[in-house]
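Spelled out, the chains give:
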Amino acid sequence: MKQTRIIKILIFSCIVALILAGCGTKAPSWDAFEGALNEKNFPVPQEAYSPDQTTTNVAMDYVRYSLPGLKEKNGIPEEYMDTIKAWGWVEQEEENADSSGVFQKDGVTVHLTVHDDYFIVMIPKEKKALIKGLKTK
């Protein structure tokens, strides 16, 4: 009788442990991308979530994306960098750090910063307005 109860408790404990292990934070897959909210030509992982676009900053138009599993100490993931370059963006080496990067394409500049479980896509407002004005003329 005692052995049966011990076995039941052991099985129950194993099931609970497996369920909890499955609910942990997983790493981003980096296999599907869409355009950023503030720059449609800049790739953002589809699994990234942005509750709202922030435009209260006078100098920058920026959007914060939540992406569980992202780590600032690891910098911009290589898979993400490859996709950014594949979309035609050129990295500005002199302005980059481990967890941030500056990219240009067709006269548009995008700043990308990576943090723990989120990243930010920023575009200088003056340059964005100037570029749009030049393209419409």
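**Q** Teacher, can you tell me more about the overall build of the protein chain here?
**A** What the protein chain contains, in helices and strands, is three helices and eight strands. Element order for the protein chain, N to C, with α for helix and β for strand: α-β-β-β-β-α-β-β-β-β-α. For the protein chain, with 137 residues in total, the buried portion stands at 36%. Summarising the internal contacts of the protein chain: among those between residues at least 6 apart in sequence, 54% fall at separations of at least 24. As presented, the protein chain carries roughly 9,100 Å² of accessible surface, and 57% of it is formed by carbon and sulfur atoms.

**Q** Help me understand unusual backbone geometry, please; the structure alone is not making it clear to me.
**A** Working note: non-glycine residues mostly have negative phi, and peptide bonds are mostly trans. Of note, the phi angle at Asp106 is positive, near 50 degrees, even though the residue is not glycine. By relative accessible area, which is 57% here, Asp106 ends up exposed. Notably, Asp117 is not glycine yet its phi reads approximately 70 degrees, a positive angle. Structurally, Asp117 can be placed in the loop between β7 (108–115) and β8 (118–124). You can call Asp117 partly exposed: its relative accessible area is 33%.

**Q** In this structure, what is going on with the nonpolar core? I would like to understand it.
**A** Core analysis: the biggest nonpolar cluster contains 23 residues, and Phe42, Tyr80, Leu112, Phe119 and Val121 have the highest contact counts within it. Counting residues per element, this core draws most heavily on β7, which supplies four residues. Not counting the four nearest positions on each side in its chain, Phe119 is found in contact with Val44, Pro45, Ala48, Val63, Arg64, Tyr65, Leu67, Leu70, Tyr80, Leu112, Thr113 and Val114.

**Q** What is the right way to read the packing of aromatic side chains from this model?
**A** Two numbers describe a pair of aromatic rings. These are the distance of the centres and the angle of the planes. Taken as a whole and judged by the stated rule, the model has six aromatic pairs. Relative to Tyr80, the ring of Trp30 has its centre 5.3 Å away and its plane inclined at 25 degrees; by these criteria the two rings are stacked. Of the two residues, Trp30 is situated in the loop between α1 (2–22) and β1 (33–35) and Tyr80 in helix α2 (residues 78–86); the sequence distance between them amounts to 50 residues. Classification of Trp30 as buried rests on a relative accessible area of 12%.

**Q** So what exactly am I meant to see when it comes to the pattern of salt bridges here?
**A** Side-chain pairs of opposite charge can arise where the charged atoms are in close proximity. Tallied over the full model, the rule gives one salt bridge. The partner of Lys85 in a salt bridge is Glu91, and the shortest N-O contact between them spans 3.6 Å. Classification of Lys85 as partly exposed rests on a relative accessible area of 44%.

**Q** Where do I start with a nonpolar patch on the surface in this structure?
**A** Together, Ile7, Ile11 and Ile15 line one region of the surface with nonpolar side chains, adding up to about 280 Å² of accessible area. Locating Ile15 in the fold gives a position in helix α1.

**Q** Mind showing me how you'd approach the pairing of strand β6 (residues 100–105) here?
**A** Looking down a regular strand, the side chains alternate between one sheet face and the other. Of the pairings in the sheet, the one linking strand β5 (residues 90–91) to β6 comprises two bridges and is antiparallel in character. Within β6, the position partnered with Val90 by the bridge is Gln104.

**Q** What should I look at first to understand α2 in this one?
**A** A turn of α-helix holds 3.6 residues, and therefore any two residues three or four places apart point the same way. Among all positions of α2, only Tyr80, Met81, Thr83 and Ile84 are buried. The buried residues of α2 all sit within an arc of 165 degrees when viewed along its axis, so they share a single face. Summarising the geometry of α2, the exposed residues directed more than 90 degrees from the buried face are Glu78 and Ala86. Where the residues of α2 are buried, they touch β1, β2 (43–45), β5, β6, β7 and β8. Trailing α2 by a residue or two, Gly88 shows a phi angle of about 100 degrees, which is positive.

**Q** Which parts of the structure should I look at to understand the confidence of the model for the protein chain?
**A** Interpreting fine coordinate detail is not advised for predicted regions of low pLDDT. Residues at a pLDDT of 70 or more form 76% of the protein chain, whose mean pLDDT is 81. Per-residue pLDDT, averaged within each element of the protein chain, yields its smallest value for helix α3 (residues 125–136) (54) and its largest for β2 (95).

Criteria and cut-off values
Residues numbered from 1 in each chain as written. Predicted model: local features only at pLDDT ≥ 70, side-chain atom pairs only at ≥ 80, totals over all residues. Heavy atoms only, no water. Helix = DSSP H or I, 4+ residues; strand = E, 2+ residues; numbered from the N terminus. Buried < 20%, exposed > 50% of the residue type's maximum accessible area, 1.4 Å probe, protein only. Contact = heavy atoms within 4.5 Å. Areas by Shrake-Rupley, 256 points an atom, 1.4 Å probe, with all protein chains shown as cover. Core = buried A, V, L, I, M, F, W, Y, C linked by side-chain atoms within 4.5 Å. Phe/Tyr/Trp six-rings, centres within 6.5 Å; stacked < 30°, edge-to-face > 60°. Salt bridge = Lys/Arg side-chain N within 4 Å of Asp/Glu carboxyl O. Patch = residues over 30% accessible without salt bridge, like charges linked within 9 Å, V, L, I, M, F, W, Y side chains within 5 Å. Pairing = 2+ DSSP bridges. Arc of directions from axis to C-beta. pLDDT = per-residue confidence, 0-100.

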